[in-house]
Structures are given as C-alpha cells and as structure tokens.
Amino acid sequence: DGPVGGAGVQEVLALLRRRPCSAQDIASGLGIHIQEATKFVTELQRSGSIRSERREGREVFIAC
C-alpha cells in the first residue's frame, strides 16, 4: 500500500467534509463502484482522516 493520496481518495475525503455518507452514498455520489468506495474508505480510516459512526442502522463515514 502506498501513501494516501490520488484523486479518488481526495474526492472521497472532500465529499465527506461536506456531509457524512455511507459507502453506497460515496459510490453513487462519485460515480464509482461500491468496492472502490470501500477501498478508499479503508485507506482514509487507516490514515485517521475519517471515522465511522452508526446512524439509523447504517454505517456512515465522517471526516475528522
């Protein structure tokens, strides 16, 4: 795994700075596959840039 960066990760982070999103919201909002969204979320969580929270029975991600 390389350093966190690249357009995809930065786009996901920018989206999460605007509002909390589920992985599905991220995929839909950015027009990417759910697996790609999940990969970016995992990278961002590992780097401490985002955190997850359960809201209304769904896992959402929030920029730190």
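Everything below is about the structure printed above this text.
Residues numbered from 1 in each chain as written. Predicted model: local features only at pLDDT ≥ 70, side-chain atom pairs only at ≥ 80, totals over all residues. Heavy atoms only, no water.

Colleague: Give a detailed account of the environment of Ile34, specifying residues and quantitative values.
Modeller: Residue position: Ile34 is located in helix 3 (residues 34–47). Residue class for Ile34 comes out partly exposed when judged on its relative accessible area of 31%. Considered as a pair, Ile34 and Ala23 are eleven residues apart in the sequence and their alpha carbons are 6.6 Å apart. What Ile34 contacts, discounting residues up to four positions off in sequence, is Ala23, Gln24 and Ala27. (Helix = DSSP H or I, 4+ residues; strand = E, 2+ residues; numbered from the N terminus. Buried < 20%, exposed > 50% of the residue type's maximum accessible area, 1.4 Å probe, protein only. Contact = heavy atoms within 4.5 Å.)

Colleague: Break down helix 2 (residues 23–30) for me, citing the residues and quoting the values.
Modeller: Those residues of helix 2 that fall on the buried side of the exposure criterion are Ala23, Ile26 and Ala27. The buried side chains of helix 2 occupy one side of the element, clustering within an arc of 95 degrees when seen end-on. Set apart from the buried face of helix 2 by more than 90 degrees, the exposed residues are Ser28 and Gly29. Gly31, located one to two residues past helix 2, shows a positive phi value of around 65 degrees. (Arc of directions from axis to C-beta.)

Colleague: Break down the nonpolar core for me, citing the residues and quoting the values.
Modeller: Among the nonpolar cores identified, the biggest contains 16 residues, and Val12, Leu16, Ile26, Leu44, Ile50 and Phe61 are the most heavily contacted of them. Elements supplying a minimum of two residues to this core: helix 1 (7–18), helix 2, helix 3 and strand 2 (58–63). Sort the elements by how many residues they give to this core and helix 1 lands first, with five residues. Setting aside chain neighbours within four positions, we find Phe61 in contact with Leu16, Pro20, Cys21, Ser22, Ala23, Ile26, Val41, Gln45, Ile50, Arg51 and Ser52. (Core = buried A, V, L, I, M, F, W, Y, C linked by side-chain atoms within 4.5 Å.)

Colleague: Can you break down the pairing of strand 1 (residues 50–55) residue by residue, with the values?
Modeller: Relative to strand 2, strand 1 runs antiparallel, the two being bridged by six bridges. Across the sheet, residue Glu53 finds its bridge partner in strand 2, namely Val60. Counted between consecutive antiparallel strands, the loop separating strand 1 from strand 2 contains two residues, among which Glu56 sits at a positive phi close to 50 degrees. (Pairing = 2+ DSSP bridges.)

Colleague: An account of the side chain of Ser22 is requested, with residue identities and associated values reported.
Modeller: Mapped onto the secondary structure, Ser22 falls in the loop between helix 1 and helix 2. On the basis of relative accessible area, Ser22 is assigned to the buried category, the value being 6%. Beyond its immediate sequence surroundings of up to four residues, Ser22 is in contact with Arg58, Glu59, Val60 and Phe61.

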